[in-house]
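Fold and geometry: a report
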Amino acid sequence: MVSIKDIPVEEQLKIVRKVMSVLPFYVDAACGEGCDSCVRSFFEDLASDLDTFATSHNLPREHAADLVRTLGIISILIFGREFETRYIEGFPGEAVIRLTECPMLHRADERGFAHSRASVLCSAYVQSIIKALNPRYQIRISRAMCRGDNFCEMIIEPKKDK
């Protein structure tokens, strides 16, 4: 009889990460169209656990360059290597992420979900994570393929005083 010990850890992680990358779409669908607060709650709860993980593993998060690195580590950890960011410019005051491939968009296409929902999910995910890791910072999505742009661009920067 086959047991979990017989399945290589990398194969186990591969299926878990695949499930994690489509799960937000099903949470979104279960909440009903237009219920973005449900999706935000899902990611805020996840972000809280990931903040605890970041603390226990001393992942950096003091400034924008730290946050972009830690966001990358966390994204790969829970969603897999497909979420690895290849275009990053990180400075203490600002970090820019540019993607020419969007795994969230790929998941939407594979499962028949609207690109507009991929946009909502991506935004909720990155905003929740950055807020949990360092509430003095924000992430702004200036371009997004799911909104028709040729690439995605996200900027991590200090929150503006209001």
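Residues numbered from 1 in each chain as written. Predicted model: local features only at pLDDT ≥ 70, side-chain atom pairs only at ≥ 80, totals over all residues. Heavy atoms only, no water.

**Examining helix H1 (residues 9-31)**
Taking 1.5 Å per residue as the helical rise, H1 with its 23 residues ought to reach 33 Å, and the 33 Å between its terminal C-alpha atoms agrees with that figure. Along H1, the helix axis deviates most sharply at Val 22, where the bend reaches about 35°; the proline Pro 24 sits within four residues downstream. Turning to H1, its buried residues are Arg 17, Met 20, Ser 21, Val 22, Pro 24, Phe 25, Val 27 and Asp 28. Summarising the contacts, the buried residues of H1 are in contact with helix H2 (36-56), helix H3 (64-79), helix H4 (103-111) and helix H5 (115-133). Of the residues trailing H1, Gly 32 is marked for its positive phi of about 95°. (Helix = DSSP H or I, 4+ residues; strand = E, 2+ residues; numbered from the N terminus. Expected span 1.5 Å × (residues − 1). Bend = angle between axes of the 7 residues up to and from the residue. Buried < 20%, exposed > 50% of the residue type's maximum accessible area, 1.4 Å probe, protein only. Contact = heavy atoms within 4.5 Å.)

**Concerning unusual backbone geometry**
The phi angle at Asn 58 is positive, at roughly 50°, despite the residue not being glycine. Here Asn 58 shows up in the loop between H2 and H3. With relative accessibility at 70%, the residue Asn 58 sits in the exposed group.

**What about the pairing of strand E4 (residues 152-158)?**
The buried fraction of E4 amounts to six of the seven residues, a majority that puts the element mostly inside the structure. Bridging between strand E3 (residues 137-143) and E4 involves six bridges; their strand directions are antiparallel. Residue Gln 138 lies in a different strand from E4, and its bridge partner there is Glu 157. (Pairing = 2+ DSSP bridges.)

**Looking at the state of the cysteines**
Enumeration over the complete set of coordinates arrives at one disulfide. Left unpaired, Cys 102 is separated from the closest cysteine sulfur, that of Cys 152, by 4.6 Å. (Disulfide = S-S within 2.5 Å.)

**Here's the deal with the packing of H4 against H5**
Interaxial distance between H4 and H5 falls to 9 Å at its minimum, and their mutual angle equals 140°. Comparing their axes, H5 and H4 come out oblique. At the point where H4 passes H5, the crossing takes the right-handed sense. Of the residues in H5, those in contact with Met 104, Leu 105, Ala 108 and Asp 109 of H4 are His 115, Ala 118, Leu 121 and Cys 122. Of the residues in the contact of H4 with H5, the class split is six nonpolar, one polar and one charged. (Axes fitted to C-alpha atoms, helices over the stretch in contact; angles between N-to-C directions. Parallel < 35°, antiparallel > 145°, perpendicular 65-115°, else oblique. Left-handed = near helix turned anticlockwise from the far one by under 90°. Nonpolar A, V, L, I, M, F, W, Y, C, P; charged D, E, K, R; others polar.)

All quantities given are derived from atomic positions and should not be read as evidence of function.
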